[in-house]
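Coordinates in review
Take a look at the letters that make up each chain.
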Protein chains: 2
Amino acid sequence: MANEELYLKLLAQRDIKPTAIRLLVLKELLRADRAYSLLDLENRLVTVDKSTIFRTITLFLGHHLIHAIDDGSGSLKYAVCGSDCNCEVDDLHTHFYCESCHRTFCFKQIHIPSVSLPDGFSTHSINYVIKGLCSDCAGKKR
Amino acid sequence: MANEELYLKLLAQRDIKPTAIRLLVLKELLRADRAYSLLDLENRLVTVDKSTIFRTITLFLGHHLIHAIDDGSGSLKYAVCGSDCNCEVDDLHTHFYCESCHRTFCFKQIHIPSVSLPDGFSTHSINYVIKGLCSDCAGKKR
DNA sequence: TTCTGTTTGCAATCGGGTTGCATGTTCTTT
DNA sequence: AAAGAACATGCAACCCGATTGCAAACAGAA
């Protein structure tokens, strides 16, 4: 299957040794149309222990294969980075948290607008999360 | 003391019955030059139980006396709102989290820049947190 | 004062995240 | 192929910030 090769390639690009579980986790993250929490992954990968998922996510984060989003829901969410991403300021995009369905979306096409800081402060990264209703939920309410 | 009257006035403006502990908490938040976590408050108000601090903060939040900032540190931080603030989009300002000293600052003068959302999405609030080094810590490193 | 509702402290609980350790698997060397 | 080292995984326990149940303390109304 061609997809398998894609997963292997993504792992190789980030210097991550491919294991069955890492492929499973990556596959699940790529299949999602949104960012998953650890619990989301646990619920979808019932055969895999949560500590293993945690360590896999930690590994992926360290190798910049995925990025973490703190959407304020109390649990971090994770999504696969673009292939050219190094998780630096220029790579940052905005995120959207739906307060109705509690899903978190990456707006990869919407770059985070920058502000000028007071003297002496320096930026390492920026977290920009918009909270509101997603298109599905806003539609349902009408 | 004139300050006492200020605290009472702030509570009254938000329809919060003043108690000794509420005054203590408000005083501590106003004295700070930054946003405090629950733990920060517990450490400064050692005579007050942490559940009481929590319930006080919850009350203050519900009455828009303070706002919460999720700086990604794992614990929320709290700061007193401006007197004209309703915690709506127009009232939002940016925040700064120092990755060295772990303090969180309100940049009340820096408004959050907005972005245009995809069709169907609607904004309720925005969390904009810049992470990096504050002026104190950036200075020390040199 | 007495009654009622609110506020507070203490202890217990919850839940996401994290770690220690033993087992299982893979890789390397011979 | 066998032996040993290194890595990956599962299980159980733990950590810590947040939250809740409950009873005692307190404040205000009758």
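Here, the structure is the one placed above.
Let me begin by describing the structure that accompanies this report. No experiment lies behind these values; they were computed from the predicted model shown.

1. A short note on the overall build of chain A
- A tally of regular secondary structure across chain A gives 5 helices and 6 strands.
- Looking at chain A as a whole, 44% of its 142 residues are labelled buried.
- Pairs at least 24 residues apart make up 52% of the contacts formed inside chain A by residues separated by at least 6 positions.
- When the accessible surface of chain A is summed, it comes to about 7600 Å², and 51% of that surface belongs to carbon and sulfur atoms.
- Both charge centroids of chain A, one from 17 positive and one from 17 negative side chains, sit 7 Å from each other.

2. Focus on the protein's contact with DNA strand C
- Close contacts around DNA strand C come from 18 residues, with Phe54 of chain A together with Thr19, Ser51, Thr52 and Arg55 of chain B the closest.
- Considering DNA strand C, the proportion of its atoms within 4 Å of the protein that are sugar or phosphate atoms stands at 63%.
- With respect to DNA strand C, the side chain of serine 51 of chain B contributes an N or O atom lying 3.0 Å from a base nitrogen.
- Counting only elements with at least two residues in the surface near DNA strand C, the list comes to helix H3 (38–44) and helix H4 (50–62) of chain A together with helix H2 (20–31) and helix H4 (50–62) of chain B.
- With 4 residues, the single largest contributor to the surface near DNA strand C is H4 of chain A.

3. Digging into helix H2 (residues 20–31) of chain A
- Its 12 residues give H2 of chain A an end-to-end C-alpha distance of 16 Å, which sits within 8% of 16 Å, the value for a rise of 1.5 Å per residue.
- Considered for burial, the residues of H2 of chain A that qualify are Leu23, Val25, Leu26, Glu28 and Leu29 of chain A.

4. Thoughts on the sheet that holds strand S5 (residues 104–111) of chain B
- A sheet is described by the order of its strands in space; here 6 strands give the open sequence S5(A)-S4(A)-S6(A)-S6(B)-S4(B)-S5(B), paired in mixed fashion. In the strand order of this sheet, the two ends are held by strand S5 (104–111) of chain A together with S5 of chain B, each with one partner. Across this sheet, the average inter-strand angle for adjacent strands is 30°, counted without regard to direction.
- The sheet contact formed by strand S4 (residues 93–98) of chain B and strand S6 (residues 122–133) of chain B spans 4 bridges and is parallel. Bridge pairing links histidine 95 of chain B to valine 129 of chain B in S6 of chain B.

5. Section: the packing of aromatic side chains
- Taken as a whole, this structure holds 9 aromatic pairs over all chains when the rule is applied.
- Both rings, one in phenylalanine 107 of chain A and one in phenylalanine 121 of chain B, keep their centres 5.2 Å apart while their planes meet at 90°; by these two values the pair is edge-to-face. Of this pair, phenylalanine 107 of chain A sits in strand S5 while phenylalanine 121 of chain B sits in the loop between S5 and S6, each in a different chain. Phenylalanine 121 of chain B shares its class with phenylalanine 107 of chain A; the two are buried.
- Taken together, the aromatic side chains of Phe96, Phe105 and Phe107 of chain A together with Phe121 of chain B make up a single cluster linked through ring pairs.

6. Focus on the side chain of lysine 131 of chain B
- With respect to the element layout, lysine 131 of chain B can be found in strand S6.
- Of the side chains with opposite charge, glutamate 99 of chain B comes closest to the buried, unpaired lysine 131 of chain B, at an N-O distance of 5.6 Å.
- Residues in contact with lysine 131 of chain B, not counting those within four places in the same chain, are Ser122, Thr123, His124 and Ser125 of chain A together with Asp71, Gly72, Phe96, Tyr97 and Glu99 of chain B.

Procedures and definitions
Residues numbered from 1 in each chain as written. Chains lettered and ligands numbered in written order. Predicted model: local features only at pLDDT ≥ 70, side-chain atom pairs only at ≥ 80, totals over all residues. Heavy atoms only, no water. Helix = DSSP H or I, 4+ residues; strand = E, 2+ residues; numbered from the N terminus. Buried < 20%, exposed > 50% of the residue type's maximum accessible area, 1.4 Å probe, protein only. Contact = heavy atoms within 4.5 Å. Areas by Shrake-Rupley, 256 points an atom, 1.4 Å probe, with all protein chains shown as cover. Lys, Arg positive; Asp, Glu negative; His and termini not counted. Charge placed at Lys NZ, Arg CZ, Asp CG, Glu CD. Near = heavy atom within 4 Å. Polar contact = N/O pair within 3.5 Å; in protein donor to acceptor, adjacent residues only side chain to side chain. Expected span 1.5 Å × (residues − 1). Pairing = 2+ DSSP bridges. Axes fitted to C-alpha atoms, helices over the stretch in contact; angles between N-to-C directions. Phe/Tyr/Trp six-rings, centres within 6.5 Å; stacked < 30°, edge-to-face > 60°. Salt bridge = Lys/Arg side-chain N within 4 Å of Asp/Glu carboxyl O.

Honestly, that's just the spatial picture; any functional story needs more than this.
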